[in-house]
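Descriptive analysis of the structure
Below are the chains, spelled out letter by letter.
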Amino acid sequence: MDYKYFPHTQEDLKAMMEKVGVKDLDGLYAQIPDSIRFKGDYNLPSEMSEMEVRQLFEKLGSQNQQLTCFAGYGVYDHYMPSAIPSLLQRSEFLTSYTPYQAEISQGTLHYIFEYQSMMAELTGMDISNASMYDGTTACAEAMMMAVAAGKKVNKVLVSEGLNPKTRKVLDTYALHQGIELVTIPLKDGVTNLSSANFDGVAGVIVQQPNVYGIVEDFTGFADACHEHKALFILDSVAADLAVLKTPGEWGADIAVGDGQSLGIPMLFGGPYVGYMCCTEKLIRKMPGRIVGMTKDNRDQRAFVLTLQAREQHIRRQKATSNICSNQSLMALFVTIYLSLMGKQGVKEAAELSYAGAHYLCDKLVETGKFHLVYNQPFFNEFYVKYDGDVDKLQKRFIDAGFLGGVKFADGILFAVTEKRTKEEIDNLVKIAAV
């Protein structure tokens, strides 16, 4: 055997090649034209010691400019308790083994069960699955759930207040699923439900807070959806649900969103974790898996995979979704964060974010160079117009070490989290007032 960890012997390889009718491994690629084959040497660096590798990556990392973040747009710079990385690496949690074999996966199954319990409580919903890849795909999965539950209808209404990044993912999924997406326009920055046509509609998707940071009043939305046999889907920033009315309280059938705001660092774009919760009657339409608690033959507490759609494995063409794994490591991250912070800690972080955002907004408006676009309540993110060149303003921010909001449409979205101090906010305003 040439390679210690390769299972096939030379005899195995010879037998397989004889079976497919080739003399050697090169014969497997005989149909590839010689003109497009690569014949040069790979530009690979020479071997390095551990110390040299560390130095290389430290040098690469030093090229990143660390900025004080006042940007959001779906990703937020929240506090991460320092105990989380150490707890993530405990051996009963940090494993690549998929939790089908319960007796050797109790750590994984346990924290997924706790994750589900916490997310169901945070959203006010009956059921939570074992997490999704991210918030955008969770929303797309909810869209497909609505169509599957509605059976002979394939239209989904989407609020214009949904984050455009999420909408693009919906568009991609819808294109290949034969789903028709219709936009519900905004009026004064909030979803104008009265303009919606419910004929043939399977579901309605809205966002809270919406893309402009506005906290919408969804009174009557669930009733309107259910009157027309459509599902009400609410996409929310997870951390904000510590103080805002929950999807369950709004009467939502499906609650989705990104859990990044629950302590996961921005990490230059990921990995993050999506959540999905729903009412009990939709449990068999929910993608992924559900972990439950039971007793073993010694009457000890044990965790098992309680439910997952058999169509995902056996009748794949009939499945609502073929996502059957999850961002389990990041779900563990969220579980530890919520455990360490507790209900009061998560609530206080949200309240500090709210207070900081309103303080920043007031100070920017006082400069006379900014004004709120919509006179609507907002949480920790707000949308303003700037009486000047936005690009030049944001360059001044960056030169001073600040990521000063996100340029969106013809204005700026600013976001504040509990990490931002009064001094940082005041310094940002001074730069903006120049």
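A quick note: this is a predicted structure, and the numbers were derived from the prediction, not measured. (Residues numbered from 1 in each chain as written. Predicted model: local features only at pLDDT ≥ 70, side-chain atom pairs only at ≥ 80, totals over all residues. Heavy atoms only, no water.)

Topic: the packing of aromatic side chains
Two measures describe an aromatic ring pair: the distance that separates the ring centres and the angle between the ring planes. Counted under the stated rule, the structure contains 18 aromatic pairs. Judged by centre distance (5.4 Å) and plane angle (45°), the rings of Phe378 and Phe382 are tilted. Taken as a pair, Phe378 and Phe382 share a single burial class, namely buried. Considering the side-chain rings of Phe397 and Phe414, the 6.3 Å spacing of their centres and the 80° angle between planes classify their relative orientation as edge-to-face. With Phe397 in helix H10 (residues 390-399) and Phe414 in strand S17 (residues 411-415), the pair connects residues that are 17 residues apart, well separated along the chain. What links up through ring pairs into an aromatic cluster is the set Phe370, Phe378, Phe382, Tyr386, Phe397 and Phe414. One Lys or Arg, Lys245, reaches over the ring of Trp250 and ends 4.1 Å from the middle of that ring. Taking the ring centre of Phe70 as reference, the NZ or CZ of Arg420 above it sits at 5.9 Å. (Phe/Tyr/Trp six-rings, centres within 6.5 Å; stacked < 30°, edge-to-face > 60°. Buried < 20%, exposed > 50% of the residue type's maximum accessible area, 1.4 Å probe, protein only. Helix = DSSP H or I, 4+ residues; strand = E, 2+ residues; numbered from the N terminus. Lys NZ or Arg CZ within 6 Å of the ring centre and 35° of its normal.)

Here we look at empty space enclosed by the protein
The tally for this structure, following the rule as stated, stands at two cavities of 30 Å³ or more. Size it by volume and the largest cavity reaches roughly 70 Å³. His78, Ala239, Asp240, Ser261, Tyr337, Val346, Ala349, Ala350, Ser353, Phe379, Asn380 and Glu418 together form the lining of the largest cavity. Space inside the second largest cavity adds up to approximately 40 Å³. Lining the second largest cavity are Tyr212, Ile214, Leu372, Tyr374, Gln376, Phe378, Phe382 and Tyr383. (1 Å grid on protein atoms, 1.4 Å probe; cavity = no way out; pocket = protein on both sides within 12 Å on 5 of 7 lines; lining within 4 Å. Points joined across faces, edges and corners; volume = space filled by probe spheres on them.)

Points about unusual backbone geometry
The amide bond that connects Gln208 to the next residue, Pro209, takes the cis arrangement and shows omega of -15°. Structurally, the position occupied by Pro209 is in the loop between strand S7 (201-208) and helix H7 (221-227). With omega at 10°, the peptide bond leading from Gly270 into Pro271 counts as cis. Looking at where Pro271 falls in the secondary structure, it is placed in the loop between strand S9 (254-258) and strand S10 (274-278). One non-glycine residue with positive phi stands out, namely Leu267, at about 55°. Mapped onto the secondary structure, Leu267 falls in the loop between S9 and S10. Given a relative accessible area of 39%, Leu267 falls into the partly exposed group. Not every positive phi belongs to a glycine, and Phe268 is a case in point at roughly 55°. Here Phe268 is to be found in the loop between S9 and S10.

Remarks on the nonpolar core
The biggest cluster of nonpolar side chains holds 35 residues, and the ones touching the most others in it are Met119, Leu262, Tyr275 and Val334. The set of elements that each furnish at least two residues to this core consists of helix H3 (84-88), helix H4 (106-123), S10 and helix H9 (328-366). The leading source of residues in this core is H9, at eleven residues. (Core = buried A, V, L, I, M, F, W, Y, C linked by side-chain atoms within 4.5 Å.)

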